[in-house]
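# Commentary on secondary and tertiary structure
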Amino acid sequence: MNHRSKTQTVLMVLLGGIVSLALLPAVIPPGDPDLLSLSQPPSLKHPMGTSPAGIDVFRLSLEAGRRAGLEAVLAAALTLFLGAIIGGTAGIKPRSWFDYLQSVCARVLEATGPLLPTICIAAVAPRLEPASLGVVVSLFAWPPVATVVRGEIIHEGERLYVEAARSIGVSPFRLFVACYFPAMLARLRPWCFGLFSAYVALFGALGFLGVGNGVERTLGFLLFDSLGHLRGEPWYFIGLLVAFLVLLGVAAPFVRSLLSVPSFDSPDFGSSGERVKRVLTE
Amino acid sequence: MNEATATSVRWADKIGRRIVRYVLVLIVSLWFLHAFTFLLFFLLPSPEFGFAGWAGIDPSILEATRQRLGLSGPWYHRYFLHLGHLFHGNLGQTLTGYPVSQILESRLRASTPQWIVSLFMLIFVPVPLGMWYCHRKINGVQRFLYRLAHFGFIPQFLAAIVCDSLFIMAVAPFVPDSFTNGIRVGLAAFSGVLLPGAILFIATAATAMEIIRQPYVRSYEALGMSPSRIRLRLLWNVVRALRPLLGQIVLATVTGTIFAELLFGIPGVGHLFIESVRQQDFALMQSYLFFSGALVLAVSFAQRAP
């Protein structure tokens, strides 16, 4: 086992523990306010102290982090799906009306970014569930993913073996499954963890601004709340900040490791010659 | 007509065509942007509810409010009315009855000092610092700085929180009151441009490290040019390579300004947007979304212009 894989294993075990604790509400249930211990400093009973409302900051961070993580995973998955579908369709038929339409929509959506329209919608429709908000965010955030997928598919479509397969009448669906999809997957792999972190930040920002449903238990809102107690109870702010940074930075390699798929050019997918053979013979 | 004049005419004609094309594409994109913002707010629950309440509303009050806010009539009528008003600089009225354009103008004035400091920071810090990497060997300090810049990718609201905490805990109690306002604006601008600055610095450094390895740079060295002169010559090449990032940098600065103004209590346009979001003031929200998008679109197209 080389140095990198050792580090990766240790990181995986550590992160697996943290994420399991965070994701399983039964292991550490959400904290209830304890009116007898308001604003307590860190102790054995409360490792990160208690908030001014008497809630254990460690449990509060876990609960808020769990929610932020789930929201981010959902929104990232939806964005990747939508971007792959739109970019894939545009890439298979470049310079078609659909390609032009998606390029204009992408230009407009990239100009506004996902944050500002989502703030508007979350503010005006306060009863939107996190799942619905994930759909809304993905509707505004697909353009970069679609651009990458479109470029990759156009590039892949210019390869000789793809042209050969197309010339003998292999259906676009089979071409997509055998050629375009693995190439697309290899390009989208870095986007999985990148989008996760970006959405943790985005939902954190929404909570910080106080928009959205059930915002009182989000990391962003709690961070905003803890700012007012910075002088008196610094552990409240520091505990939440640490939880947020852990979710942002450390969860990314964890997700990346989980989603590590062999690259299109790796031996698992075979050489170009084998791919040609596979496309032509299947 | 001699050859030089003919070349100038051809060049002017080419540039003129490109400018016309740029303006036309920009107008079409702005029209799409306007349609997008209109559609977005048309699909949301009507703002008169925000004004008159969600339950127990009197239909006559609702109709009067609709008419006062210019929201009566079918959607196409409202759309063309809105478009026509936009051409005349009329952005509608806020829920409290003030003209949106007037409020935006006054808040823009409050934002101006912060915007100037932000612009100064974006132009004079990340690019020259990135050009420092225009060298074949990168030393430890440069490597450390390059890695440190990745911390600029923290969420913008977190950057604003950290800068605000720093201001409250470490600056405000020890600095005389006459300097406090200037430091506050400086820190607000810094928190707003941390993300775009980090993007710009990393992109500049990476481009500089790539360009320095080009064969033509060796000929500069062979001619005996000093490293600083080579950097100066390569600056334009690096800046040209950074042009596609301009739109995203402007967008990141606009969103960063919102959090900075909110936390540092600057009554600028970013603060106005958050106020409008909390009051569900559709006219203000729509105008802010349209103008920030138009700014990013214009900058994105400008990088493609001659």
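Residues numbered from 1 in each chain as written. Chains lettered and ligands numbered in written order. Predicted model: local features only at pLDDT ≥ 70, side-chain atom pairs only at ≥ 80, totals over all residues.

### So, the overall build of chain B
The criterion, for reference: Each helix is a run of H or I in the DSSP string that is no shorter than four residues. Each strand is a run of E no shorter than two, and both are numbered from the N terminus. Exposed residues have 12 or fewer other C-beta atoms within 10 Å of their own C-beta, buried residues have 20 or more, and partly exposed residues fall in between, where C-beta atoms are placed from the backbone. C-beta atoms are first placed from the backbone for all residues, and any pair lying within 7 Å is then listed as a contact.
Helices and strands together make up the secondary structure of chain B, namely 14 helices and zero strands. Looking at chain B as a whole, 33% of its 306 residues qualify as buried. Summarising the internal contacts of chain B: among those between residues at least 6 apart in sequence, 77% fall at separations of at least 24.

### A few points about the overall build of chain A
Tallying secondary structure elements over chain A gives eleven helices and zero strands in all. Along chain A, helices (α) and strands (β) appear in the sequence α-α-α-α-α-α-α-α-α-α-α when read from the amino end. Split into buried and exposed, the 282 residues of chain A put 42% on the buried side. A fraction of 70% describes how many contacts in chain A between residues 6 or more apart in sequence connect residues 24 or more apart.

### Points about the interface of chain A and chain B
Put simply, the rule reads: Gly falls in the polar group here, along with every residue not listed as nonpolar (Ala, Val, Leu, Ile, Met, Phe, Trp, Tyr, Cys, Pro) or charged (Asp, Glu, Lys, Arg).
Counting residues at the interface gives 25 residues for chain A and 25 residues for chain B. Counting only elements with at least two residues in the side of chain A that touches chain B, the list comes to α3 (97–112), α4 (115–124), α8 (172–209) and α9 (219–227) of chain A. With eight residues, α4 of chain A is the single largest residue contributor to the side of chain A that touches chain B. Taken together, the residues of the side of chain A that touches chain B sort by class into 20 nonpolar, four polar and one charged.

### Observations concerning helix α6 (residues 143–157) of chain A
In an α-helix, one turn spans 3.6 residues, which is why side chains three or four residues apart end up on the same side. All names here are of chain A. Rules: Helix span is expected to be 1.5 Å times the residue number reduced by one.
Along its 15 residues, α6 runs 21 Å from first to last C-alpha, staying within 8% of the 21 Å computed at 1.5 Å per residue. Those residues of α6 not exposed but buried are Pro143, Pro144, Val145, Ala146, Val149, Arg150, Glu152, Ile153 and Glu156. Looking at the packing, one finds that the buried side of α6 touches α2 (57–92), α3, α7 (160–167) and α8.

### Examining the nonpolar core
When a protein is soluble and globular, its nonpolar side chains tend to lie buried together. Just so we agree on the cut-off: In these notes, a nonpolar core means any group of buried Ala, Val, Leu, Ile, Met, Phe, Trp, Tyr and Cys residues linked to one another through C-beta atoms within 7 Å.
Counting residues in each nonpolar core, the largest one holds 129 residues, and the members touching the most others are Ile119, Cys120, Tyr199, Val200, Leu202 and Leu240 of chain A. Take this core: its biggest share by element is 19 residues, from α8 of chain A. Sequence-distant contacts of isoleucine 119 of chain A, that is, excluding residues within four places in its chain, are made with Leu206, Leu209 and Val211 of chain A together with Val277 of chain B.

### Description of the packing of α2 of chain A against α6 of chain A
Residue and element names in this part refer to chain A. Rules: Here an angle of 0 to 180 degrees is reported between the N-to-C directions of two axes, which are lines fitted to C-alpha atoms, with helices fitted over the stretch in contact. Note on terminology: angles under 35 degrees are roughly parallel, angles over 145 are roughly antiparallel, angles of 65 to 115 are roughly perpendicular, and the others are oblique. Handedness of a helix crossing follows the sense of rotation of the near helix relative to the far helix, less than a right angle counterclockwise being left-handed and clockwise being right-handed.
For the pair α2 and α6, interaxial distance at closest approach is 7 Å and the crossing angle is 40°. In terms of orientation, α2 and α6 fall into the oblique class. Our pair here, α2 against α6, has a crossing hand that is right-handed. Two secondary-structure elements touch here, α2 through Thr79, Leu80, Gly83, Ala84, Ile86, Gly87, Gly88, Ala90, Gly91 and Ile92 and α6 through Val145, Ala146, Thr147, Val148, Val149, Arg150, Ile153 and Ile154.

### Description of the packing of helix α9 (residues 177–211) of chain B against helix α11 (residues 227–242) of chain B
Residues and elements named next belong to chain B. Close contact between α9 and α11 brings their axes to 10 Å; oriented N to C, the two are set at 125°. With respect to α11, the axis of α9 lies oblique. Note that α9 runs across α11; the crossing there is right-handed. Across the interface between the two elements, Ala203, Thr204, Thr207, Ala208 and Ile211 from α9 touch Leu234, Asn237, Val238, Ala241 and Leu242 from α11. Looking at side-chain class alone, the contact of α9 with α11 contains seven nonpolar, three polar and no charged residues.

### Brief notes about the confidence of the model for chain A
Test applied: One number per residue, pLDDT, summarises how confident the predictor is, and it ranges from 0 to 100.
Per-residue confidence for chain A averages 76 on the pLDDT scale, and 76% of its residues sit at or above 70. For the stretch residues 258–273 of chain A, pLDDT sits under 50, and the model shows 14 contacts to residues farther than four places along the chain or on other chains.

### As for the environment of glutamate 221 of chain B
Of note, glutamate 221 of chain B is situated in helix α10 (residues 215–222). In the structure, glutamate 221 of chain B is positioned 68 residues away from phenylalanine 153 of chain B in sequence and 36 Å away in space, judged by C-alpha atoms.

### Things to note about unusual backbone geometry
Residue and element names in this part refer to chain A. Here the phi dihedral of arginine 95 falls at roughly 65°; this positive angle occurs in a residue that is not glycine. With respect to the helices and strands, arginine 95 occurs in the loop between α2 and α3. Residue arginine 95 is classed as exposed on the basis of its C-beta count, with 9 C-beta atoms lying within 10 Å.

### As for the confidence of the model for chain B
Residue and element names in this part refer to chain B. Here chain B averages 84 in pLDDT, while 89% of its residues score no lower than 70. Predicted confidence in chain B is weakest over helix α2 (residues 47–52), with a mean pLDDT of 50, and strongest over helix α5 (residues 100–124), with 92. Scored below 50 in pLDDT, residues 51–55 makes seven contacts in the model with residues more than four places away or belonging to other chains. The complex model carries a pTM of 0.82, and its ipTM stands at 0.84.

### Topic: the environment of threonine 96 of chain B
All names here are of chain B. As for its placement among the helices and strands, threonine 96 is situated in the loop between α4 (75–87) and α5. The class of threonine 96 is exposed, set by 9 C-beta atoms lying within 10 Å. Taking C-alpha positions, threonine 96 is 39 Å from glycine 152, a pair spaced 56 residues apart along the chain.

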